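Now for the letters of each chain:
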Amino acid sequence: MDAVLIKRLTEVIGKDLVLVDESVSSYLYDETPNPVRPAASGDVVVVKPGSALEVSKILLLANEFRVPVFPRGGGTGLVGGCIPTRSGIVVSLERMNRINVDRDNLFAEAEAGATLRDLISAAESAGLFFPPHPGDESAQIGGLIACNAGGVRAVKTGVMRNYVRGLEVVLPTGEIIMLGGKLLKNNAGYDLMQLIIGSEGTLGIITKAWIRLAPRPAASATIIIPFDNRRRAFELVPRIFQAGIIPLAIEYFEKSVMDLAAAEIGEKWPCNDGEYQLMIILAEQSEEALLKTCEVLLGLCEGAGSREPMFAESRREQDLILRIRSELYPVLKKTMYDTLDVTLPPASMAGFLDELDKIAGKYGVELPAIGHAGDGNLHVWINVREGWRLEDYEKIKEEVYDKVIELGGVITGEHGIGYVKRRDLQKYADPKVLELMKAIKRIFDPNNILNPDKIFL
Ligand SMILES: Cc1cc2nc3c(=O)[nH]c(=O)nc-3n(C[C@H](O)[C@H](O)[C@H](O)COP(=O)(O)OP(=O)(O)OC[C@H]3O[C@@H](n4cnc5c(N)ncnc54)[C@H](O)[C@@H]3O)c2cc1C
């Protein structure tokens, strides 16, 4: 890195907040599975600004010196999005972590470096609720918005973009802009705020967000519904919606995978029946409403030929189930080559899983999958086995994606493109759409300063 640039950065934000050499090592990776994670350049400087103005000055310097800038949140991304793939400046928002809750407007004003955990607890302290649970709790607000993160509750609550109503953004060219605010309606021209949401750190650095909150649901229950037959499990899902029930989450998984995750933390998966299971989380505004919904759901389970559903009503039982569920990624990561994140029309999921079994059989690999069964988003893990060959990985991925596209799906519903899926986007996106996306990038970032190597080849 240019010594003059480092000196100028130090003048902008102070010596202690500019890291070089060994001290940058924890800023060079994220949670992407190791085999597909891009190599980071060792020649980077990490800066920790404390305001939008400082971020702006950093970007002005980057343009002057023509040096790439890599925005970094909590580093929990799964597609290498924040990794500095070239020599450049990593901008870590970690110091910008203030949150103010406006109870009257039901809004949180959150700086980009506050974590999801911080937001959940700030909302709770104000007697309110942040409805979605869009990622790992150490993910930051800026990263969650940049990835338009989804999560298990998306079926009822929607994803990050359904909660963000205003953004403060520093453009790659250094200008600070405000988009939206504490507003529920806003039709003032093109919606650039929605364009920034999901742009994976390529169109601007998010420094602050105005996020909608909601009242806390008064009653909740978690129900595990076991099946001996996978197709039957998926057939129940549309019946639930048709009966007028919108659960907070409908997750599909296989018991054997949950047993592994439970063992990792010295616990037992509480439902020992049926290999194919749906986990349903209900959240209602009263105990009576919850009871009524449970009754309807039980009737539907009987009709669908499930085994005995397991109800977790106490906070402790519900927390245990979620804790085991959140162990899945670290457990599977040990033998994982890559994690796919496809999304299909929800009713195509059962048929797609049958196709997945065929692909696994053809290549002699394991392709465990868990899914957000209510919204069609399925996480498929490609697991490493003895005799594994890299060509097989490429072929498996291609066959999976070909099938997804044939069924009307997309290659990613949550994790985004980042570095890892650039080739796949190039292959599966409509060329005209890709051309428009690249043109937008050029307008925002004429010098290709911000997060190069991401989304596009
Ligand atoms: C155990 C686990 C569970 C997860 N669960 C989910 C889930 O349920 N749903 C889901 O959608 N994802 C999930 N994820 C993925 C991850 O949590 C999300 O993608 C999250 O949005 C990443 O946020 P981050 O702050 O960690 O971003 P990082 O990993 O630091 O960065 C991700 C991208 O955002 C950009 N970025 C970061 N901050 C900013 C900013 N201030 N301005 C502009 N761009 C920025 C980066 O440049 C990069 O492109 C999970 C990950 C793990 C490890």
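What you see is a predicted model, and the numbers here were worked out from it, not measured in a lab.

What helix H8 (residues 255-264) keeps buried is the set Lys255, Val257, Met258, Ala261 and Ala262. Mapping the buried residues of H8 onto a view down its axis gives an arc of 155 degrees, with all of them on the same face. Those residues of H8 that are buried are in contact with strand E13 (249-254), strand E14 (276-284) and helix H10 (315-333). Among the residues trailing H8, Gly266 stands out with phi positive, at a value near 70 degrees.

A word on the nonpolar core. Ranked by size, the top nonpolar core spans 56 residues in total, and within it Leu278, Phe352, Leu367 and Ile396 carry the most contacts. The element best represented in this core is helix H11 (residues 349-363), accounting for eight residues. The residue makeup of this core includes at least three contributed by each of domain 3 (219-330) and domain 4 (332-418). In this structure, Ala112, Met160, Met193 and Ile205 belong to the second largest nonpolar core, which totals 55 residues.

To continue, consider the domain arrangement of the chain. By the assigned domains, the chain splits into domain 1 (3-94), domain 2 (99-215), domain 3 (219-330) and domain 4 (332-418). The gap between the C-alpha centroids of domain 3 and domain 4 is 23 Å. Taken together, the contact between domain 3 and domain 4 spans 16 residues of the former and 19 residues of the latter. For the pair domain 3 and domain 4, the summed buried area comes to about 1600 Å², and 59% of that belongs to carbon and sulfur atoms. Three residues stand out in domain 3 for area buried against domain 4, namely Arg230, Phe234 and Tyr329, and they jointly supply 36% of the buried area on that side. Linking domain 3 to domain 4 there are four salt bridges.

Centre-to-centre distance and the angle between the planes together describe a pair of aromatic rings. Taken as a whole and judged by the stated rule, the model has five aromatic pairs. Plain terms: the ring middles of Phe253 and Trp269 are 5.4 Å apart, the flat faces sit at 85 degrees to each other, and that makes the pair edge-to-face. Of this pair, Phe253 sits in strand E13 while Trp269 sits in the loop between H8 and E14; the two residues are 16 residues apart in sequence, bridging distant segments of the chain. Judged by its relative accessible area of 4%, Trp269 is buried. Geometrically, the ring pair formed by Tyr337 and Tyr393 is tilted, given 4.6 Å between the ring centres and 50 degrees between the ring planes. Highlighted residues: Tyr337 in strand E16 (residues 336-343) and Tyr393 in helix H12 (residues 390-406), separated in sequence by 56 residues. Judged by relative accessible area, which is 12%, Tyr337 ranks as buried. Classification of Tyr393 by relative accessible area gives buried; the value is 4%. Lying over the aromatic face of Tyr419, Arg422 brings its terminal NZ or CZ to 4.0 Å of the ring centre.

Turning next to the sheet that holds strand E3 (residues 69-72). Taking strand neighbours across the sheet as the criterion, the four strands line up as E1-E2-E4-E3 in an open arrangement whose pairing is mixed. The open sheet terminates on both sides in strands that have one partner only, identified here as strand E1 (18-19) and E3. One ladder, built from four bridges, connects E3 with strand E4 (residues 88-92); its direction is parallel. Bridging across to E4, Val69 finds its partner in Ile89.

A few words on the pairing of strand E5 (residues 99-102). The sheet contact formed by E5 and strand E6 (residues 107-111) spans four bridges and is antiparallel. Residue pairing in the sheet places Val101 in a bridge with Ala108 of E6. Hairpin remark: E5 followed by E6, antiparallel, with four residues in the connecting loop; positive phi at Leu106, about 50 degrees.

By the element assignment, Thr32 lies in the loop between E1 and strand E2 (44-47). With relative accessibility at 0%, the residue Thr32 sits in the buried group. Sequence separation of Thr32 and Ile83 is 51 residues, and the distance between their C-alpha atoms is 10.0 Å. Not counting the four nearest positions on each side in its chain, Thr32 is found in contact with Arg37, Gly77, Leu78, Val79, Gly80, Tyr329, Lys333 and Val420. Within the structure, Thr32 has its side chain in polar contact with the backbone nitrogen of Gly80 (distance 2.8 Å).

On to the pattern of salt bridges, then. Applying the stated criterion across every chain yields a total of 29 salt bridges. Of the charged contacts, one joins Arg117 and Glu137 as a salt bridge, the two residues approaching to 3.7 Å between their closest N and O atoms. With Arg117 in helix H3 (residues 116-125) and Glu137 in the loop between strand E7 (128-129) and helix H4 (141-146), the pair connects residues that are 20 residues apart, well separated along the chain. Take Arg117: its relative accessible area is 46%, and that puts it in the partly exposed class. For Glu137, a relative accessible area of 27% gives the class partly exposed. For the salt bridge of Arg323 with Glu267, the shortest nitrogen-to-oxygen distance reads 3.3 Å. Of the two residues, Arg323 sits in helix H10 while Glu267 sits in the loop between H8 and E14, which places them 56 residues apart along the sequence. A relative accessible area of 41% means that Arg323 is categorised as partly exposed.

The next subject is the pairing of strand E9 (residues 176-180). In this sheet, E9 lies alongside strand E8 (residues 164-170) in antiparallel orientation, the contact comprising five bridges. Its bridge partner lying in E9, Glu168 is registered against Met178. Between E8 and the antiparallel strand that follows it, E9, lie five residues; Gly174 among them carries a positive phi value of about 105 degrees.

Procedures and definitions
- Residues numbered from 1 in each chain as written.
- Predicted model: local features only at pLDDT ≥ 70, side-chain atom pairs only at ≥ 80, totals over all residues.
- Heavy atoms only, no water.
- Buried < 20%, exposed > 50% of the residue type's maximum accessible area, 1.4 Å probe, protein only.
- Helix = DSSP H or I, 4+ residues; strand = E, 2+ residues; numbered from the N terminus.
- Arc of directions from axis to C-beta.
- Contact = heavy atoms within 4.5 Å.
- Core = buried A, V, L, I, M, F, W, Y, C linked by side-chain atoms within 4.5 Å.
- Domains from an automatic or database assignment.
- Buried area = accessible area lost by both parts, 1.4 Å probe.
- Salt bridge = Lys/Arg side-chain N within 4 Å of Asp/Glu carboxyl O.
- Phe/Tyr/Trp six-rings, centres within 6.5 Å; stacked < 30°, edge-to-face > 60°.
- Lys NZ or Arg CZ within 6 Å of the ring centre and 35° of its normal.
- Pairing = 2+ DSSP bridges.
- Polar contact = N/O pair within 3.5 Å; in protein donor to acceptor, adjacent residues only side chain to side chain.

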